[in-house]
Amino acid sequence: QAKRGITISTFFAFLVAEIIFRIFVEIRELRLYGKKIPFSFLRAIPLVNDLIPYSENIIEEPIQSAFREAHEAAHKRLHHYLLRNLMKLCFYSLMVLLIIIMLGEWRISLWEIVLWFHFALFIFRLLYHKLCWSQEEEADKAAVSVVSKSETRRELERLQKTERPTSLLFAFLYREHPPAKYRRLRHI
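Bear in mind that the values here come from a model prediction, so they are computed numbers and not experimental data.

Take the side chain of His 80 next. Position of His 80 among the secondary structure elements: in helix 4 (residues 80-106). At a separation of 2.8 Å, a polar atom in the side chain of His 80 contacts the side chain of His 75. Here Glu 138 takes part through its side chain, which lies 3.1 Å from a polar atom of the side chain of His 80. Not counting chain neighbours up to four residues away, the residues in contact with His 80 comprise His 75, Gln 135, Glu 138 and Ala 139.

On to the state of the cysteines, then. Following the criterion strictly, the structure yields 0 disulfides and no others. With no disulfide of its own, Cys 90 has Cys 132 as its nearest cysteine by sulfur position, at a separation of 14 Å.

With that settled, consider a nonpolar patch on the surface. Side chains of Ile 23, Ile 27, Leu 30 and Phe 41 sit close together on the surface and give an oily, nonpolar patch of about 280 Å² of accessible area. The residue Leu 30 is located in helix 1 (residues 2-33) in this model. Leu 30 sits in the partly exposed class, given a relative accessible area of 33%.

What follows deals with the confidence of the model for the protein chain. Within the protein chain, residue pLDDT values average 85, and 90% of them lie at 70 or more. Confidence, read as mean pLDDT per element, is least for helix 2 (residues 46-51) in the protein chain (75) and greatest for helix 3 (residues 66-77) (94).

So, on to empty space enclosed by the protein. If you walk through the whole model with that rule in mind, you get 2 cavities of 30 Å³ or more. Of the voids in this model, the second largest cavity is the one considered here, and its volume is about 50 Å³. The wall of the second largest cavity is formed by Glu 18, Arg 22, Asn 49, Asp 50, His 118, Leu 121, Phe 122, Arg 125, Leu 126 and Leu 173. Among the elements of the structure, helix 1, helix 2 and helix 5 (110-146) are those that each provide at least two residues to the lining of the second largest cavity. It is helix 5 that contributes the most residues to the lining of the second largest cavity, 5 residues altogether.

Rules behind the numbers
- Residues numbered from 1 in each chain as written.
- Predicted model: local features only at pLDDT ≥ 70, side-chain atom pairs only at ≥ 80, totals over all residues.
- Heavy atoms only, no water.
- Helix = DSSP H or I, 4+ residues; strand = E, 2+ residues; numbered from the N terminus.
- Polar contact = N/O pair within 3.5 Å; in protein donor to acceptor, adjacent residues only side chain to side chain.
- Contact = heavy atoms within 4.5 Å.
- Disulfide = S-S within 2.5 Å.
- Patch = residues over 30% accessible without salt bridge, like charges linked within 9 Å, V, L, I, M, F, W, Y side chains within 5 Å.
- Areas by Shrake-Rupley, 256 points an atom, 1.4 Å probe, with all protein chains shown as cover.
- Salt bridge = Lys/Arg side-chain N within 4 Å of Asp/Glu carboxyl O.
- Buried < 20%, exposed > 50% of the residue type's maximum accessible area, 1.4 Å probe, protein only.
- pLDDT = per-residue confidence, 0-100.
- 1 Å grid on protein atoms, 1.4 Å probe; cavity = no way out; pocket = protein on both sides within 12 Å on 5 of 7 lines; lining within 4 Å.
- Points joined across faces, edges and corners; volume = space filled by probe spheres on them.

Now the structure itself:
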């Protein structure tokens, strides 16, 4: 029972640290870009951001181009969507199995399960975004090898204009795609 109390207090400490971290990220974004987005501080509430993911932040749909077509073709050829979906399937299957074990064998409360799940989901999202960003990097490299550097530069500049500006930290925490500004600097 004492060990269980230590575990639950540890998870509450992680929860408080996460809330402080997310508030810091929100304030930092506001200071960097000066554009307040309504209800943006709701992302600081951990269980809310588990249920409502942050959108990809595109203001308008990008225009089709040779670079974009080559980029999407590279995703298909390299089976990126399959790998992403397999990673999600493995994670959620593991979580269901773990919840069944927690309820049956460990006999822990629903509140403790929610804390476990939230912590695991936070770690999973960071790993998942790392995978997504590396796949975007691969697809960009493949597209650059097919189209000219000037076409790549033009398309990434156009894409940058359609996105709301975000820092790398914010984008990594909430988005599956790196900002176009970062992608442009990596490939030009």
